[in-house]
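The lines below spell out each chain.
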Amino acid sequence: MKQKEITLNTLVNGKNVSLSELTAEEIGNNHIMTTIETPMKSDAFAASDEEKMKKIEFHFKEIMETLGLDLKDDSLKGTPERVAKMYVKEIFSGLNPANKPKIALFENRYQYNQMLVEKDITFYSNCEHHFVPIFGKAHLAYISNGKVIGLSKLNRIVQYYAKRPQVQERFTMQIAKELQTVLETEDVAVIIDAKHLCVSSRGIQDINAATITSFYGGKFQDENTKLEFLRYVEMKTQY
Ligand SMILES: [Zn+2]
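These figures come from a predicted structure and were not determined experimentally.

Q: I'm lost on the overall build of the protein in this one. Help?
A: Looking only at helices and strands, the protein has 8 helices and 9 strands in total. The buried share of the protein, taken over its 239 residues, is 39%. Long-range contacts, defined as pairs at least 24 residues apart, comprise 67% of the intrachain contacts of the protein with a sequence gap of at least 6. Element-wise, carbon and sulfur atoms account for 52% of the exposed surface of the protein, whose accessible area totals about 14500 Å².

Following this line, the structure appears as structure tokens:
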């Protein structure tokens, strides 16, 4: 299912403004997302992974040399190749739909129609405005509509969307929409609790700030259901 584009109004310095009124710099500095879908070029996958790695290697070498680094040094000379491989094969591999986890659904034979919560899923992503890490925990829940998925698949969906340049709001929405699509139900909830290195290691340098985003669909918009989920998330596990 293709996700809809959303038009987003957002608060900037306490003022509600439409995205079209903002410059690219304002959007980046305020960590605002423009669409739920990761903005991709139409020819995003025309080149193979190998071709992409060669190109990134070349350009990353240029960046390092521009910064004044001596690439003849043994410690540095392999870096462009390592970065290129890491970008394409690891930390940005979730840009390629070919790497999307295959999700098999099972019939819910036990007629379990209560909430299922998978919490404390650790993820590592990267901020699309600064290309530095965002990391934290994802907490997911759904109420089965007759179908269930393997628990590890919930984790894999998080990891897939984490492996892209991201903004936390979009990351949250992408996971939520994917869960709704594969589970064939509106009744899903997602909380992302994350630390942004672009906030803690540079810029304002606040090492304690955490960013929380959430999505509550269907039955989770009911206050009691939402509170039940939040209680499970807060609960100390006994092991
Ligand atoms: Zn950032």
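Moving on from the coordinates now.
Q: Explanation requested: the coordination of the zinc ion in the structure shown.
A: Each donor-metal-donor angle would ideally measure 109.5 degrees in four-coordinate tetrahedral geometry, or 90 or 180 degrees in six-coordinate octahedral geometry. Within the protein, the atoms that donate to the zinc ion are C127 (SG), H130 (ND1) and C198 (SG), at distances of 2.1 to 2.3 Å. Assessed through its relative accessible area of 26%, H130 is described here as partly exposed.

Q: Whenever I open this one, the packing of helix 5 (residues 151-162) against helix 6 (residues 168-183) confuses me. Can you help?
A: Between two packed helices, the angle of one axis relative to the other and the distance separating the axes together describe the packing. Taken N-terminus to C-terminus, the directions of helix 5 and helix 6 make an angle of 140°; their axes are 10 Å apart at the nearest point. One finds that helix 5 runs oblique with respect to helix 6. In the crossing of helix 5 with helix 6, the sense of the turn from one axis to the other is right-handed. Taken together, the residues of helix 6 that come into contact with helix 5 (itself represented by L154, I157, V158, Y161 and A162) are F171, Q174, I175, E178, L179 and V182.

Q: It is not clear to me how the side chain of H139 should be interpreted in this structure. Could you clarify?
A: Residue placement: H139 occurs in strand 5 (residues 133-143). Residue class for H139 comes out buried when judged on its relative accessible area of 5%. Only 3.0 Å separates the side chain of H139 from the backbone nitrogen of D120, close enough to count as a polar contact. Among all residues touching H139, those that are not within four sequence positions of it are E118, K119, D120, A189, V190, I191, F229 and V233.

Q: How should the layout of surface pockets be read in this particular structure?
A: Over the atoms a probe the size of a water molecule is rolled, and this reveals where empty space is left. As a volume, the largest pocket reaches approximately 860 Å³. Taken together, 26 residues make up the lining of the largest pocket; nearest its centre are M40, A44, K52, I56 and L95. Among the elements that make up the lining of the largest pocket, the one with the highest residue count is helix 2 (residues 49-66) (7 residues). Among the residues forming the lining of the largest pocket, the class breakdown is 15 nonpolar, 5 polar and 6 charged.

Q: Even after reading the chapter, I still don't get helix 5, so can you show me in this structure?
A: For an α-helix, 3.6 residues make a turn, and residues three or four places apart therefore share a direction. Taking 1.5 Å of rise per residue, the 12 residues of helix 5 would be expected to cover 16 Å, and the 17 Å separating its terminal C-alpha atoms lies within 8% of that figure. All of the buried residues along helix 5 are L154, I157, V158, Y160, Y161 and A162. On its buried face, helix 5 sits against helix 4 (79-91), strand 4 (115-127), strand 5, strand 6 (147-149), strand 7 (165-166) and helix 6.

Parameters at a glance
- Residues numbered from 1 in each chain as written.
- Predicted model: local features only at pLDDT ≥ 70, side-chain atom pairs only at ≥ 80, totals over all residues.
- Heavy atoms only, no water.
- Helix = DSSP H or I, 4+ residues; strand = E, 2+ residues; numbered from the N terminus.
- Buried < 20%, exposed > 50% of the residue type's maximum accessible area, 1.4 Å probe, protein only.
- Contact = heavy atoms within 4.5 Å.
- Areas by Shrake-Rupley, 256 points an atom, 1.4 Å probe, with all protein chains shown as cover.
- Donors = N, O, S within 2.8 Å, 3.2 Å for Na, K, Ca; no water.
- Axes fitted to C-alpha atoms, helices over the stretch in contact; angles between N-to-C directions.
- Parallel < 35°, antiparallel > 145°, perpendicular 65-115°, else oblique.
- Left-handed = near helix turned anticlockwise from the far one by under 90°.
- Polar contact = N/O pair within 3.5 Å; in protein donor to acceptor, adjacent residues only side chain to side chain.
- 1 Å grid on protein atoms, 1.4 Å probe; cavity = no way out; pocket = protein on both sides within 12 Å on 5 of 7 lines; lining within 4 Å.
- Points joined across faces, edges and corners; volume = space filled by probe spheres on them.
- Nonpolar A, V, L, I, M, F, W, Y, C, P; charged D, E, K, R; others polar.
- Expected span 1.5 Å × (residues − 1).

Distances and angles like these do not, on their own, reveal function.
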